[in-house]
Amino acid sequence: MTSMKAQSEICRLMDFLQEWDHADRTFRCRMLNDFINANQGKTGPELEIEFAQGASLFLTRVTAWLRLSYMIGTCLSEQLKAIGVFLSAASSQRYIIEVLEVGGLLTFLDILGLKQAREEDKQEAIKLLQIIASGGRKYKELICESYAIELIKKLLEYEIRSDLLKRLAGLLNLCKDPRNRPKILEDQSAPNLLESAPMFIQQAAAAKVIGILIQNSVDISEELMQHELVRKLLITMGNRNHFDSQRQASLALHYIVCTNPNVAEQVKTSMGIELFEMFMNDPENLYQKITEVHADALFNNKANLLLKTEDSEVSPEAEQDGTSAKD
């Protein structure tokens, strides 16, 4: 009997999803309103019961439609409220993760910047961001990072682009030698005193943003290379005082190396064969294997390389930077 009931619920779910897939805009809006009215305030387990353990199948469809139509405002209010039913449900962690995995966070942030979006829709987007942020520190940090990255991308469309990229690359430079890790950091039981240092946090954030930007635009990558990006990323990889700086710089440089053979040779020369092979095999966890000797080589690297030329002269900026990095 139980098996027959379960089969019946699954059939009902499949019929509902098929009806959604073939519905026009008007009927989908009606389905969303019915869903909101019937399920507002339900817990995650209750939603799963309602959808025969397949609630995620409906959530995926709603978020997909949102991403395709939010720019023109099609049923935007209903879409956001329906997603809110999932995210606000008790025990909704899995739904939050699913929305983030399909780019929901950036969509919500985009809605806030839409001139044509109604204020009530923007308020719904803010509510969703607040729900995500309430999930814990990692979600708050993700929202801040995503907002910052989107803001930088928008700023790059204006006249300040060149100066912005130069300053972004400049954040990789440290005012003092990052090679030597204080002895207290060698004690795993000791508090990580430098982990929260603003200087290192900015450096790691800059490396992460650069990694994203160069993957999205060849032009931006070329412009950043004019600011001695390779040399600065190598120096950052040698910063044994801040693991995230090392990791983000390593990932950004790995992308550059894999897409430019000329850079690969320069980096290999700067690192040495042993470190370069470890870098190519596992860039994300390379920081765990960097010794003081490796850090010294990275800090003193001479990879003053421009992307478009194989044998470039040192740029005026590099001549000025070459000494300041060692101060």
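Nothing here was measured: the structure is a model prediction, and the numbers come from that model.

A. Representation of helix 16 (residues 273-281) in the model. For helix 16, the full list of buried residues reads Leu275, Phe276, Met278 and Phe279. Here the buried residues of helix 16 occupy an arc of 165° about the axis, which is enough to place them on one side. For helix 16, the exposed residues lying more than 90 degrees away from the buried face are Ile273, Glu274 and Asn281. Here the buried face of helix 16 lies against helix 13 (229-237), helix 14 (243-259), helix 15 (261-271) and helix 17 (292-299).

B. Spatial organisation of the nonpolar core. Counting residues in each nonpolar core, the largest one holds 45 residues, and the members touching the most others are Phe35, Phe58, Ile83 and Phe108. Of all the elements in the fold, those that place two or more residues in this core are helix 1 (2-22), helix 2 (25-39), helix 4 (55-69), helix 5 (76-87), helix 6 (93-101), helix 7 (104-112), helix 8 (119-133) and helix 9 (137-155). The element best represented in this core is helix 5, accounting for seven residues. Leave out the neighbours within four places in its chain, and Phe35 touches Gln40, Leu47, Phe51, Phe58, Ala82, Val85 and Phe86. Grouped together as the second largest cluster of nonpolar side chains are 39 residues, Ile152, Ile210, Leu229 and Leu275 included.

Rules used in this analysis
Residues numbered from 1 in each chain as written. Predicted model: local features only at pLDDT ≥ 70, side-chain atom pairs only at ≥ 80, totals over all residues. Heavy atoms only, no water. Buried < 20%, exposed > 50% of the residue type's maximum accessible area, 1.4 Å probe, protein only. Helix = DSSP H or I, 4+ residues; strand = E, 2+ residues; numbered from the N terminus. Arc of directions from axis to C-beta. Contact = heavy atoms within 4.5 Å. Core = buried A, V, L, I, M, F, W, Y, C linked by side-chain atoms within 4.5 Å.

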